[in-house]
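Examining the three-dimensional arrangement
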Amino acid sequence: MGKMTFVEHDDTEHVVEFKAGASLMQIAVDHMIPGIDADCGGECACGTCHVIVADAWYDKTGAPGDEEQQMLSMTPELAKTSRLGCQVQTTEAMDGMSVRLPEFQM
């Protein structure tokens, strides 16, 4: 088990435990993190699980695919380390990771 921190747009922090292999979206939903809507249930079809990964952790999330990049291109709060939580599968190397949540989801 590892721990990660979800930081809301108002800087409220939620430290949660996770098992490697779950997506960031699923971890957020399981812990009822405000700001992750996950409307499509993880199908990379809605963009409502947008997270902004801390710079130091971004490389550990893998490269976003074409579908994910297309969805992210529509978000008004796009950052260079934006990812869709449903597309990031966690690993043990993500223990301690921090992600910010945008003020608004698509």
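Residues numbered from 1 in each chain as written. Predicted model: local features only at pLDDT ≥ 70, side-chain atom pairs only at ≥ 80, totals over all residues. Heavy atoms only, no water.

1. Concerning the overall build of the chain
The cut-off we apply is this: Here a helix means four or more residues in a row that DSSP labels H or I, a strand means two or more in a row labelled E, and each is numbered from the N terminus. For the radius of gyration, the atoms used are the C-alpha atoms, and the globule rule reads 2.2 Å times the number of residues raised to 0.38. To sort residues, take the accessible area from a 1.4 Å probe on protein chains only and compare it with the maximum for the residue type: under 20% means buried, over 50% means exposed, and anything in between is partly exposed. In this charge count, Lys and Arg are treated as positive and Asp and Glu as negative; neither His nor the chain ends contribute. The location of each charge is read from NZ of Lys, CZ of Arg, CG of Asp or CD of Glu.
Within the chain, the secondary structure is distributed over 3 helices and 5 strands. The C-alpha radius of gyration computed for the chain amounts to 12 Å, which stays within 12% of the reference 13 Å derived for 106 residues, consistent with globular compactness. With the principal axes as the frame, the chain shows a C-alpha extent of 35 × 25 × 25 Å. In the chain, which comprises 106 residues, the share counted as buried stands at 44%. Positive and negative charge centroids in the chain, built from 6 and 18 side chains respectively, lie 8 Å apart.

2. Describing the nonpolar core
Worth spelling out the cut-off: For our purposes a nonpolar core is just a set of buried Ala, Val, Leu, Ile, Met, Phe, Trp, Tyr and Cys residues, chained together by side-chain atoms within 4.5 Å. Contacts are assigned to residue pairs that have any heavy atoms within 4.5 Å of one another.
If you look at the biggest cluster of nonpolar residues, it comprises 26 residues, and the most contacted ones within it are Met-4, Phe-6, Ile-36 and Met-97. Put simply, the parts of the chain that give this core at least two residues each are β1 (2–7), β2 (13–18), α1 (24–30), β3 (50–53), α2 (55–58) and α3 (66–72). Looking at which element gives the most residues to this core, the answer is α1, with 4 residues. Contacts of Ile-36, omitting those with residues within four sequence positions, involve Met-25, Ala-28, Val-29, Thr-48, Cys-49, His-50, Val-51, Leu-101 and Gln-105.

3. A short note on the sheet that holds strand β4 (residues 82–84)
For clarity, the threshold we go by: Any two strands with at least two DSSP-identified bridges between them are counted as paired. Axes here refer to lines fitted to C-alpha atoms; in helices the fit is confined to the stretch in contact. Angles between the N-to-C directions go from 0 to 180 degrees.
Pairing within the open sheet is mixed, and its 5 strands lie in the order β2-β1-β5-β3-β4. Only two strands of the sheet have a single neighbouring strand rather than two, namely β2 and β4. Averaged over all pairs of adjacent strands, the angle between their axes in this sheet comes to 35°, without regard to strand direction.

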